[in-house]
Amino acid sequence: MKRRASSSGSASEWALCTPRRPDGLKTALSAKQRHRFSLWLIIDAEGIGALDASAIDMLGDLLARMTSEGLAVIGIARANDRVIERLGRAGRLEPEGHLRNFATINAAVNAFHQRES
């Protein structure tokens with residue numbers, strides 16, 4: 001877990017979860033149980049060209065599990081128009097669903113830090 005102090009004096013904690021480091025999410029969830037802070041999961045969807053029905057179902061299962069684990073926000077960043085359109089039709093994007101759309105990873109990080117102020 002990494003720590004960053006905000007302008008308000010509170011600390012943000014974040015963990016990186018990548019294919020090379022899949023333990024980041026597990027580490028973040030266990031730390032969330034020990035400390036009380038909000039946890040965000042952002043999926044970098046730049047490499048996803050399209051979603052089929054099974055991918056939508058699996059994403060729905062992930063969203064349900066992560067919501068039950070207490071994640072404050074689950075987002076998708078850098079998704080192409082086809083992916084966003086498919087997620088919208090499936091009811092996975094806000095306001096109907098739990099998935100928040102960010103144009104860039106920086107936009108997601110900025111939203112995370114602005115929630116503290």
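Here the structure is shown first, and the text comes after it.
So, here's what we can say about the structure. (Residues numbered from 1 in each chain as written. Predicted model: local features only at pLDDT ≥ 70, side-chain atom pairs only at ≥ 80, totals over all residues. Heavy atoms only, no water.)

1. Considering the pairing of strand β3 (residues 40–44)
Note that β3 and strand β4 (residues 73–77) share five bridges and pair parallel. Residue pairing across strands places W40 opposite V73, the latter belonging to β4. Traced from β3 through helix α2 (residues 53–68) to β4, the parallel crossover comes out right-handed. (Pairing = 2+ DSSP bridges. Helix = DSSP H or I, 4+ residues; strand = E, 2+ residues; numbered from the N terminus. Right-handed = clockwise from strand over helix to strand, strands pointing away.)

2. So, the pattern of salt bridges
Within this structure, the stated rule accounts for four salt bridges. The salt bridge partner of D44 is R78, with a shortest N-O separation of 2.7 Å. Here D44 is found in strand β3, whereas its partner R78 is found in the loop between β4 and α3 (81–89), with 34 residues between them in sequence. A relative accessible area of 37% means that D44 is categorised as partly exposed. For R78, a relative accessible area of 33% gives the class partly exposed. Residues E94 and R100 are paired through a salt bridge, measuring 3.4 Å at the closest nitrogen-oxygen approach. Here R100 falls in the partly exposed class, since its relative accessible area comes to 27%. Each of D44, E46 and R78 takes part in salt bridges that share partners, so that together they form one network. (Salt bridge = Lys/Arg side-chain N within 4 Å of Asp/Glu carboxyl O. Buried < 20%, exposed > 50% of the residue type's maximum accessible area, 1.4 Å probe, protein only.)

3. Brief notes about the environment of R86
Here R86 shows up in helix α3. Separated by 30 residues in sequence, R86 and I56 have C-alpha atoms that sit 8.4 Å apart. Dropping the residues within four chain positions of it, R86 is found in contact with L51, D52, A53 and I56. (Contact = heavy atoms within 4.5 Å.)

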